[in-house]
Amino acid sequence: MSQIVWWEIETPAPEVFQRFHGAMWGWAFEPAFADTELAADYWIIKSGGKSIGGLQRSAGNTRPQAGTRLYVEVADLEQGLREVQTRGGQVERFRTALGGDDRWFATALDPTGVSFGMWTAHPST
């Protein structure tokens, strides 16, 4: 079976993306590929010292287009949504139940227009 081995996000404002997502999730961003044949504005996204994805400056000045949405697990969904708004993002969809014993989720836009999701487990009853 195939596995996901890497994910990338492209935005015209990677510095804004880095400030927002660095503050939200504690991610670090390491410049990469500037001195290679790619000569790209590219950063490796790291969590706990581990490379988890890539961030690239888009070629044009257009906002991100629809694509794969990344979901981050959070302990407190409402607190996460408040933090999104405090940091200049927008809530797209507030808490939504998936039914059964599954999780709740919400989606948001960061200040650069990148859509992402958060989800949390239902509390034990």
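Described below are features of the structure shown in this document. Quick caveat: nothing in here was measured; it's all calculated off a predicted structure.

### A word on the overall build of the chain
1) Next: When its secondary structure is counted, the chain shows 2 helices and 8 strands.
2) Next: Carbon and sulfur atoms make up 49% of the accessible area of the chain, which totals about 7900 Å².

### Let's talk about the pattern of salt bridges
1) Next: Considering all chains together, one arrives at 5 salt bridges under this definition.
2) Next: Taking the shortest distance from any N to any O, the salt bridge between Arg57 and Glu15 comes out at 2.4 Å. Here Arg57, found in strand β4 (residues 50-57), pairs with Glu15, found in helix α1 (residues 14-25); they are 42 residues apart in sequence, far enough to count as distant.
3) Next: The class for Arg57 is partly exposed, based on a relative accessible area of 28%.
4) Next: Judged by its relative accessible area of 35%, Glu15 falls in the partly exposed class.
5) Next: A salt bridge links Arg87 to Glu83; the nearest nitrogen and oxygen atoms lie 2.9 Å apart.
6) Next: Its relative accessible area of 39% is what places Arg87 among the partly exposed residues.

### Topic: the packing of aromatic side chains
1) Next: Scanning all chains against the criterion turns up 7 aromatic pairs.
2) Next: Taking the centre distance of 6.3 Å and the plane angle of 75° together, the rings of Tyr71 and Phe105 count as edge-to-face. In this pair, Tyr71 is assigned in strand β5 (residues 70-73) and Phe105 in strand β7 (residues 104-109), connecting sequence segments 34 residues apart.
3) Next: With a relative accessible area of 34%, Tyr71 lands in the partly exposed category.
4) Next: For the pair Tyr71 and Trp119, a centre-to-centre distance of 5.8 Å together with 45° between the ring planes defines the contact as tilted. Taken together, the residues span a long stretch of sequence, with Tyr71 in strand β5 and Trp119 in strand β8 (residues 115-120) at a distance of 48 residues.
5) Next: On the basis of relative accessible area, Trp119 is assigned to the partly exposed category, the value being 30%.
6) Next: Taken together, the ring pairs connect Trp7, Phe20, Trp25, Trp27 and Phe116 into an aromatic cluster.

What counts and what doesn't
- Residues numbered from 1 in each chain as written.
- Predicted model: local features only at pLDDT ≥ 70, side-chain atom pairs only at ≥ 80, totals over all residues.
- Heavy atoms only, no water.
- Helix = DSSP H or I, 4+ residues; strand = E, 2+ residues; numbered from the N terminus.
- Areas by Shrake-Rupley, 256 points an atom, 1.4 Å probe, with all protein chains shown as cover.
- Salt bridge = Lys/Arg side-chain N within 4 Å of Asp/Glu carboxyl O.
- Buried < 20%, exposed > 50% of the residue type's maximum accessible area, 1.4 Å probe, protein only.
- Phe/Tyr/Trp six-rings, centres within 6.5 Å; stacked < 30°, edge-to-face > 60°.

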